[in-house]
Amino acid sequence: MNVWLAEIWRTWRASLRRPGFLLLAVAVLALGVGASTSVFVLVDNVLLRPLPYPDAGRLMVLGPEQHGELQAILSPQQYQHVQSIPGIAGIGLIKGDLQAVNVAGDGEPEQVDAFLADRSVLPVLGVRMRLGRGFSAEEDRPGGPKAVILAEGFWRRRYGGQPVLGRTLRVEGVARTIVGVLPASFDQFGAGDIMLPLALPPHTYDDGADFFAIARLAPGSSVAAVNARVDAAIRAMYADLPGAQRDYLETVHVGSVPLAAALHQQQRPAMRLFLACAVCVLLIALVNLGNLMLLRTLSRRHDAIVRHALGAPGWRLALPACAEGLLVGASGAIAGLGLAAIGLSLFGRYVPVEWTHGRSLHVHGEAALLALAIAVPGALAAALFGAWRGLAASSVREALHEGGRSLGSHSGRVGKALVIAQMALATCLMCGAGLFLHALYDAARAPLGFAGDHVLTFDLAPVRGEHPDAASTREFVQELLRSLRALPGVEGVAATNGLPAGGFEQQFNMGGIHLPGSDYLRPSPQIRAVSSDYFSVFRIPVHEGRAFDASDVSGGDPVAIVNQTLAEQEYGDHAVGKQIVVNDYSGYAAGKATADRPDMRPVTARIVGVVGDTRQFGPLDGRKRGFLYLPVGQVPEHILRVFRSYHPLRFALRVQGDPNDYRRAVHAAVAAVAPDQPIASVSTMDDVVRATTGDTRRDLFLIGLFALLALGLAAAGMYAVMTVAVTARQREFGVRMALGAPPARMARLVLRGGAGQIAIGMLLGVAITLALSRVLGAVLEDIGRTVMDPLALAGVCVVLAMAGLLACLLPALRAARVPPMHALRGE
């Protein structure tokens, strides 16, 4: 044992006296460990951490399954049909979208996001309230006592954490009693600021597919049995449907998935992509470390030769390398944790709150153990690999025969293989970054179909207590439009339920459309209720017919405008003068007669114009979508009610100069019309469009960072191997130059060898990227791209080739300057 400790201490002391190699090896390992640890912390927070509910493994989400993927949606009518199914201990229903509402009392009026849920949700989840209680049965019925529950963040922001139970908060002009405060952990569903009761009628016909049903399995019940019972109950509910719709339902099966899986379904592709990038960087770092350890062992061969000649056993020859590997591993783990902590602190602010559920990103105990488990065994494995290859018996005999003047030909072959492996892995990462960069570059040049410059937008949800119906809402909107138009510098003002581009919060569709002479209910296009100046404010061209004008009001001839895509798809590009019928099935069960809900009757309109297409989800949206525009003045009562139950109204002002200079004037104009009416989300249209690429830019930032790390590590490995190769071939270069070879030829020899390794590595990397296209494909599909992008792949290869050749350049110049007499002196 004393011999072991003495050998280890001697190696450590020698490394610390000349720390150049130690610092290089630790830096290489720390980059790989830091990248992998950071991604592990992110994945752990998003996917691996258990939900903060008791026995969370028994919580399931119900929904229809199509093409092998379950959609986490269940309508209120379906929900009422599965409440008493055996095997389900409890079930609750949540509205899938937050609702913009106005609150007042105990502070300035403001627009907040409301979360609608029935009284069973909190007991099913097992939520322990921060203060108070959940909704009672009386509060969760139509016409019952008015109650509200506050989210903890809203409670602290508006009330300063003071006692609030029993106090009154006015929501949409209606006084509601505060009965509880949610805990901070209740944010898995985008809980917003307040919770309102869903208040379903006892027997609803609401078959809208925008609700989220959470069930808790009873003890002893199986998922398969519950799924079969739920599916049978839903099929029985639709037994009297017409033949075509019944045949469609035969392809749909209602089942369940764990709640955690349903909540994280959208984040999984990005997490898999980040994890693949981190693993790639880690592998490059470990390969590079193995290369460095091999070169380090070869640099000690003279000492090993002497020890071997004196009879030292093999373990004594390998012990210095292992001791140095242990020091590198421990130091690399500590440095890697430091890099991970810095990276998480910088990147944490850009991570969406729905990813982390409000938890801070920091290096915890499991991450530290992972770093040690990666760094120490990885460094020891690299050291053992170097010792095995560099101190093999044949290698030592060769070195003894050559007098220690050569590093051996086998080291060159191994080094080249390691460099090829590094270049292949770096190519994979660089290809991912190149594909995203090319997508963003094309997006920056792609026409949006509208002009967003010099446009200021804001959201406004008319207070329902003051504007309860369509007539009062239209009057309020027109009065507000007149007030905004009167502002100096304003060229035009528009009101709509959705801007021409933005996130999913800007989209709205319902039911479907009927065409004259067809019984087939076609998929619904995106529906926009717009004021007459909407197309001029956004500079959307009118290709045929006319835009809306002041005559398109309630009581007049119902009119509509369609975009070019909808006109081509449904009318053969001859839409003007044709009729379109919008059927809203969101408020009653499919198959019921419209007489069951007379307020949900279809809307028929005559098409008076065709306008240009717009990219709904911003510049990365390459899909063509149909749009149907209705004039705000003619929107029926029931459709306006549906609009307002999902989103606020959006207003847009085209102004002269910087739109941000009009923020204060907009607030004043709204206050002049309605002093207690709050507005929200005041921003320029350019910012709205820019936000649509925020997720892609964030993904590109991470992938680009990993790609730069991979490129740097691969270039460093190339430089190290080429440097050692030049040192090993000094005698050869000296002989060649003594026989008359010019220095330029020596440089070309080195560059040619490096270029061959680079080319092989890039070819392997591109092949691996294409073979693993599913990892990137899940993310690229959302932006309309594929892995088969020759321009992006060619650009990546050019960058890698340049970086690799630059890494070879200095060793090549060194080979060209080898003095022939110096190289031959040993002969």
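Residues numbered from 1 in each chain as written. Predicted model: local features only at pLDDT ≥ 70, side-chain atom pairs only at ≥ 80, totals over all residues. Heavy atoms only, no water.

1. Some words on the overall build of the protein chain
Formally: Only DSSP runs of H or I with at least four residues qualify as helices, and only runs of E with at least two residues qualify as strands; both kinds are numbered from the N terminus onward. Relative accessibility decides the category of a residue: with a 1.4 Å probe and only protein chains considered, values under 20% of the type maximum give buried, values over 50% give exposed, and everything between is partly exposed. Contacts are assigned to residue pairs that have any heavy atoms within 4.5 Å of one another. Using a 1.4 Å probe, accessible areas were evaluated by the Shrake-Rupley method; residue-level cover was limited to the displayed protein chains.
Counting secondary structure elements, the protein chain contains 27 helices and 24 strands. Across the 827 residues that make up the protein chain, the buried fraction comes to 52%. Considering only intrachain contacts with a sequence separation of at least 6, the fraction spanning at least 24 residues in the protein chain is 82%. Surface accessibility of the protein chain: about 36100 Å² in total, with carbon and sulfur atoms responsible for 60%.

2. Considering helix α18 (residues 564–571)
Since one α-helical turn is 3.6 residues long, residues separated by three or four positions face the same way. Most of α18 sits inside the fold, with six of its eight residues counted as buried. Along α18, the residues classified as buried are Gln564, Thr565, Leu566, Ala567, Glu570 and Tyr571.

3. Quick word on the confidence of the model for the protein chain
Note the cut-off: A score from 0 to 100, pLDDT tells how confident the predictor is in each residue.
Counting all residues, the mean pLDDT for the protein chain is 80, and 81% of those residues have values of 70 or more. Looking at the elements of the protein chain, mean pLDDT is at its lowest for helix α14 (residues 393–401), recorded as 48, and at its highest for strand β7 (residues 147–150), recorded as 96. In the model, residues 402–411 has pLDDT below 50 throughout and makes 19 contacts with residues more than four positions away in sequence or in other chains. In this model residues 585–599 is a low-confidence stretch, pLDDT under 50, and it forms 30 contacts with partners more than four residues away in sequence or in other chains.

4. Things to note about the environment of Ala321
Relative to the elements of secondary structure, Ala321 occurs in helix α11 (residues 314–347). On a C-alpha basis, the gap between Ala321 and Ala382 in space is 9.2 Å, while along the polypeptide they are 61 residues apart.

5. A word on unusual backbone geometry
Glycine aside, a negative phi is what most residues show, and trans is what most peptide bonds show. Residue Asp55 is not a glycine yet carries a positive backbone phi of 50°. Along the chain, the position of Asp55 falls in the loop between α2 (20–48) and β1 (59–66). A positive phi angle, close to 55°, is found at Arg539, a residue other than glycine. One can find Arg539 in the loop between α17 (534–537) and β18 (542–545).

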